Amino acid sequence: MPMTITILGSGTSHGIPVVGCSCEVCLSQDYHNKRTRSSILVSEENTNVLIDTATEFRLQAVRDKIDSINAIFYTHSHADHLHGLDDIRPLTYKNPIEIYASAEDCREIRNRFPYIFNETLQIGGGKPQVNLNKLSDKVATINECTIEPIPVKHGLLNILGFLINDRAAYITDCSYISEESIDKLKDIEVLILGALRYREHSTHFNIDQALNIIKKISPKRAYLTHLSHDVNHKQLCAELPGGIFPAFDGLKIIL
Ligand SMILES: [Zn+2]
Ligand SMILES: [Zn+2]
Ligand SMILES: [Zn+2]
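Residues numbered from 1 in each chain as written. Chains lettered and ligands numbered in written order. Predicted model: local features only at pLDDT ≥ 70, side-chain atom pairs only at ≥ 80, totals over all residues. Heavy atoms only, no water.

### Quick notes on the overall build of the chain
Moving on, step 1. Broken down by element type, the chain carries eight helices and 14 strands.
Moving on, step 2. Overall, the chain is about 55 × 40 × 35 Å in size when its C-alpha atoms are taken along their principal axes.
Moving on, step 3. When each of the 255 residues of the chain is scored for burial, the buried share is 54%.
Moving on, step 4. Relative to all contacts within the chain whose residues are 6 or more apart in sequence, the contacts with residues 24 or more apart total 64%.
Moving on, step 5. With an accessible surface of roughly 11900 Å², the chain has 51% of that area assigned to carbon and sulfur atoms. (Helix = DSSP H or I, 4+ residues; strand = E, 2+ residues; numbered from the N terminus. Buried < 20%, exposed > 50% of the residue type's maximum accessible area, 1.4 Å probe, protein only. Contact = heavy atoms within 4.5 Å. Areas by Shrake-Rupley, 256 points an atom, 1.4 Å probe, with all protein chains shown as cover.)

In structure tokens:
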């Protein structure tokens, strides 16, 4: 079955342009260099699965005309991946949306958004209607779409990447992937992998490290995401080996 992955956002936690920065990339007029916080939408027939609710979810949803979401999966609960949660409200008026996150992130989501889960004086239109589900290590199925959590390390944190329909994988904030997790991803069609910048970082792969992981996993195509303002889209395009591309906001990957 054909599936489309939309890169809703391809930027690191600051978003690009960075507030107050006047570097070349932040001032660039190239739309590829304007990056909202990282998130993807997986679409297959009538099913839309959102991975993370980035800070700019509303802007992303309006731009890409998202009019329904069946489920949301969280990679982890850092602000840039979670804080757009309130923006899903208009999509939950008819039916609540199922949310899937690790046990720890379920706790964190409740702590960060107590008004959604606690009784309040009045509801009005003010609360997204959601059901929070603890994600086990098993494959989750949303209609015909399968989502398998893949454990990865983000610095000291254990967070999740996702294998989608056994064909594509999304791994955003990551600094280490075990051999066991790599084995689950070998030879997939599309890998979307976080690569922060050229210099090393304690909790994210840099571009060289990401290229090494891509070599090990050996996908047909790979896209680098969660990019910082150190990365100029056009320059990175020219530097990357064949079959590997920088992601950008609004990119649709069809497979
Ligand atoms: Zn992040
Ligand atoms: Zn900058
Ligand atoms: Zn993070």
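### With respect to the coordination of the zinc ion (ligand 1)
Moving on, step 1. Bound to the zinc ion (ligand 1) are the protein donor atoms Asp80 (OD), His81 (NE2), Asp173 (OD) and His226 (NE2), situated 2.1 to 2.2 Å from the metal.
Moving on, step 2. For the pair the zinc ion (ligand 1) and the zinc ion (ligand 3), the metal-to-metal distance amounts to 3.6 Å, and Asp173 bridges them.
Moving on, step 3. Residue His81 is classed as buried on the basis of its relative accessible area of 0%. (Donors = N, O, S within 2.8 Å, 3.2 Å for Na, K, Ca; no water.)

### Quick look at the side chain of Thr36
Moving on, step 1. Position of Thr36 relative to the elements: it lies in the loop between helix H1 (24-27) and strand S2 (39-44).
Moving on, step 2. Side chain to side chain, Thr36 and Gln60 meet in a polar contact 2.9 Å long.
Moving on, step 3. Engagement of the side chain of Thr36 in a polar contact is seen with the side chain of Asp249, the distance being 2.6 Å.
Moving on, step 4. Excluding its chain neighbours within four sequence positions, the residues that come into contact with Thr36 are Leu8, Gly9, Ser10, Gly11, Glu56, Gln60 and Asp249. (Polar contact = N/O pair within 3.5 Å; in protein donor to acceptor, adjacent residues only side chain to side chain.)

### Quick look at the coordination of the zinc ion (ligand 3)
Moving on, step 1. Within the first shell, the zinc ion (ligand 3) binds the protein through His76 (NE2), His78 (ND1), His154 (NE2) and Asp173 (OD), at distances of 2.1 to 2.3 Å.
Moving on, step 2. Around the zinc ion (ligand 3), the four donor atoms sit at angles spanning 92 to 168°, and that spread fits a shape best called irregular.
Moving on, step 3. Donor residues for the zinc ion (ligand 3) sit on one chain with the sequence pattern H-x1-H-x75-H-x18-D. (Tetrahedral: all angles 85-135°; square planar, octahedral: opposite > 155°, others 65-115°.)

### What to know about the pairing of strand S8 (residues 145-154)
Where a strand is regular, its side chains alternate between the two sheet faces.
Moving on, step 1. Across the ten residues of S8, seven count as buried, placing the element largely inside the fold.
Moving on, step 2. When strand S7 (residues 140-142) meets S8, the two strands line up antiparallel, connected through three bridges. Within S8, the residue paired with Ala140 across the bridge is Ile147.
Moving on, step 3. Pairing between S8 and strand S9 (residues 157-164): eight bridges, direction antiparallel. In the strand pairing of S9, Ile147 is matched with Ile164.
Moving on, step 4. Linkage of S8 to S9, two consecutive antiparallel strands, is achieved through a turn of two residues, within which Gly155 is found at a positive phi near 65°. (Pairing = 2+ DSSP bridges.)

### Examining the sheet that holds strand S5 (residues 97-101)
Moving on, step 1. Taken in spatial order, the seven strands make up an open sheet running S6-S5-S4-S3-S2-S1-S14, and their pairing is mixed. If you trace the sheet from one side to the other, it starts and ends with strand S6 (130-134) and strand S14 (252-254), each paired once. Averaged over all pairs of adjacent strands, the angle between strand axes in this sheet comes to 20°, irrespective of strand direction.
Moving on, step 2. Lying over the sheet, helix H4 (residues 103-112) contacts S5 and S6, oriented at roughly 150° with respect to S6. (Axes fitted to C-alpha atoms, helices over the stretch in contact; angles between N-to-C directions.)

### Comments concerning the pattern of salt bridges
Moving on, step 1. This model, assessed by the stated rule, comprises eleven salt bridges.
Moving on, step 2. The salt bridge partner of Glu56 is Arg37, with a shortest N-O separation of 2.9 Å. Of this pair, Glu56 sits in the loop between strand S3 (47-51) and helix H2 (57-63) while Arg37 sits in the loop between H1 and S2, and the two are 19 residues apart along the sequence. Per residue, the accessibility class of Glu56 equals that of Arg37, and both read buried.
Moving on, step 3. We note a salt bridge from Arg89 to Asp86, for which the minimum N-O separation is 3.1 Å.
Moving on, step 4. Look at Arg89 and you get partly exposed, because its relative accessible area is 25%. (Salt bridge = Lys/Arg side-chain N within 4 Å of Asp/Glu carboxyl O.)

### Observations regarding the nonpolar core
Moving on, step 1. Membership of the largest hydrophobic core comes to 28 residues, with the highest contact counts inside it found for Ile5, Ile40, Val42, Phe73, Ile164, Ile192 and Ile253.
Moving on, step 2. When residues of this core are assigned to their parent elements, the largest contribution, three residues, is made by S9.
Moving on, step 3. Look past the residues within four positions of Ile253 in its chain and what remains in contact with it is Met3, Thr4, Ile5, Ile7, Val190, Ile192, Arg221 and Tyr223.
Moving on, step 4. Counting 27 residues, the second-largest nonpolar core is a separate cluster that includes Ala169, Ile188, Ala195 and Phe205. (Core = buried A, V, L, I, M, F, W, Y, C linked by side-chain atoms within 4.5 Å.)

### A closer look at the environment of Ile188
Moving on, step 1. Residue placement: Ile188 occurs in the loop between helix H6 (179-185) and strand S11 (190-194).
Moving on, step 2. Given a relative accessible area of 5%, Ile188 falls into the buried group.
Moving on, step 3. C-alpha separation for the pair Ile188 and Ile164, spaced 24 residues apart in sequence, amounts to 9.8 Å.
Moving on, step 4. Those residues in contact with Ile188, other than ones at most four positions away along the chain, are Leu163, Asp166, Arg167, Ala168, Ala169, Ile217, Ser218, Pro219 and Lys220.

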